[in-house]
Amino acid sequence: MTEQFQLSDDQLAIQEMARRFTADAITPFAAQWDEDHEFPREVVKAAGELGFGAIYISEEMGGIALGRLESALIFEALSYGCPATAAFISVHNMASWIIDRFGGAELKQRYLPALVTMEKLGSYCLTEPGSGSDAAALRTTARLEDGHYVVNGTKQFTTGGGVNDFYVTMVRTGDNGAKGISCLVIEKDMPGVSFGAPERKLGWNASPTAQVIFEDVRVPVQNRVGAEGDGFRFAMAGLDGGRLNIGACSLGGAQRCLDEAIAYVKDRKQFGQPIADFQNTQFTLADMATELEAARALLYLAAAKVTANAPDKTRFAAMAKRLASDTGSSVVDRALQLFGGYGYLRDYPIERFWRDLRVHRILEGTNEIMRMIVGRDLLRQ
């Protein structure tokens, strides 16, 4: 922002480009992807051609090196058409950024050229069946043997599991706790890598999700990102940006439902007049719009702090993710109520967004964990 509360010309151009792409390539098809449980691989590749697969990857490695506010604008626009597709692209960006930000020169040269174009796709593997919110308790092991790490364990709820090519994976190379965790890039075709069945989910049907299973997978030492013991730090750094992106996806989805609701109440008539004329409808829309703008303002501020590496960036990212995802779900729920019984039908888009946005309050750290992060940081002051 060049002035307080005002986007720059460049930011407005980026926003408009993402909106046009969404209107042309995503919105007309998203309902069918959801219905058919179809992953729109070619659309994701087309997004990569615009640079959306390398939003904050360095220009040196072929990325477009934007800030986190610009990233939020892109994901907000993409999710106006399909939050599941937008969130999938966000995860790819997070995995690629970890390699770019913390990997050595050889590792970056080996993986990033294909990732930045989205010719190849990346996943982020932290959560396990027994460690969700308590991420530092992960149990996937990586034992050093003859220049390789022998990896055993299972990762849960992996976006792109079974589909993506590379898995940026947090593994235990040392003692219990955060300091014993390292980060490896594991390839889909390495012997011993397998995948669970596609998860049957409430929403996000256009985004594949599956377990990733490692059984004596031999990963070259050269595939380690950074030093041993630094993996948890990398994972948490990635989540600051991931939380902003998922918050932006909530904003975009909620904005779509607010717009749909405004159009619907003008057309729908009861008791001899459009339901838009009833004061209750107007109050509901006013609250939806006000809360959405408040969440957007906090998220944009948090994005600026993460870009600037401000000391309170993690607290603000957690605050923004919590507020945006809670608000997004609430706005969509009220939009469904305004639609009445029609909002419950798949003939209208509201129920898809209701299902897709619900998970945003769980992933990238549950909203309860977001409150813990904020509360603990406040008490340290």
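Up top is the structure.
Draft legend 1. Quick look at the pairing of strand β5 (residues 181–187). Burial runs high along β5: six of the seven residues are buried. For strand β4 (residues 166–172) and β5, the ladder comprises seven bridges, and the chain directions are antiparallel. From the neighbouring strand, T169 faces β5, where its bridge partner is L184. Note that β5 and strand β8 (residues 224–225) share two bridges and pair antiparallel. Along β8, the bridge assignment pairs C183 with V225.

Draft legend 2. Structural view of the pairing of strand β7 (residues 209–220). Bridging between strand β3 (residues 148–159) and β7 involves nine bridges; their strand directions are antiparallel. Bridge pairing links T159 to T209 in β7. Of the pairings in the sheet, the one linking strand β6 (residues 193–195) to β7 comprises three bridges and is antiparallel in character. By the bridge assignment for β7, S194 is matched with I213.

Draft legend 3. A look at the packing of helix α4 (residues 68–79) against helix α8 (residues 279–307). Two elements in contact, α4 and α8, have axes whose closest approach is 7 Å; the angle formed by their N-to-C orientations is 140°. In terms of orientation, α4 lies oblique with respect to α8. Seen from α4, the contacting residues are R68, L69, A72, L73 and E76; seen from α8, they are R296, L299, Y300, A303, V306 and T307. Looking at side-chain class alone, the contact of α4 with α8 contains seven nonpolar, one polar and three charged residues.

Draft legend 4. Representation of unusual backbone geometry within the structure. A positive phi angle, close to 65°, is found at M118, a residue other than glycine. Tracing the chain through its elements places M118 in the loop between α6 (105–116) and β1 (122–125).

Draft legend 5. Summary view of the packing of helix α7 (residues 231–267) against α8. Relative orientation of the contacting elements α7 and α8 amounts to 160°, with a least axis distance of 10 Å. Classified by the interaxial angle, the pair formed by α7 and α8 is roughly antiparallel. As for the relative orientation of α7 and α8, their crossing is left-handed in sense. Two secondary-structure elements touch here, α7 through D240, L244, G247, A248, L251, A254, Q255, L258, A261, I262 and V265 and α8 through T281, L285, M288, A289, L292, A295, R296, L299, A302, A303 and V306. Grouping the amino acids of the contact of α7 with α8 by side-chain chemistry returns 17 nonpolar, three polar and two charged.

Each value, and the rule that gives it
Residues numbered from 1 in each chain as written. Predicted model: local features only at pLDDT ≥ 70, side-chain atom pairs only at ≥ 80, totals over all residues. Heavy atoms only, no water. Buried < 20%, exposed > 50% of the residue type's maximum accessible area, 1.4 Å probe, protein only. Helix = DSSP H or I, 4+ residues; strand = E, 2+ residues; numbered from the N terminus. Pairing = 2+ DSSP bridges. Axes fitted to C-alpha atoms, helices over the stretch in contact; angles between N-to-C directions. Parallel < 35°, antiparallel > 145°, perpendicular 65-115°, else oblique. Contact = heavy atoms within 4.5 Å. Nonpolar A, V, L, I, M, F, W, Y, C, P; charged D, E, K, R; others polar. Left-handed = near helix turned anticlockwise from the far one by under 90°.

Everything listed here is a matter of geometry and, on its own, says nothing about what the molecule does.
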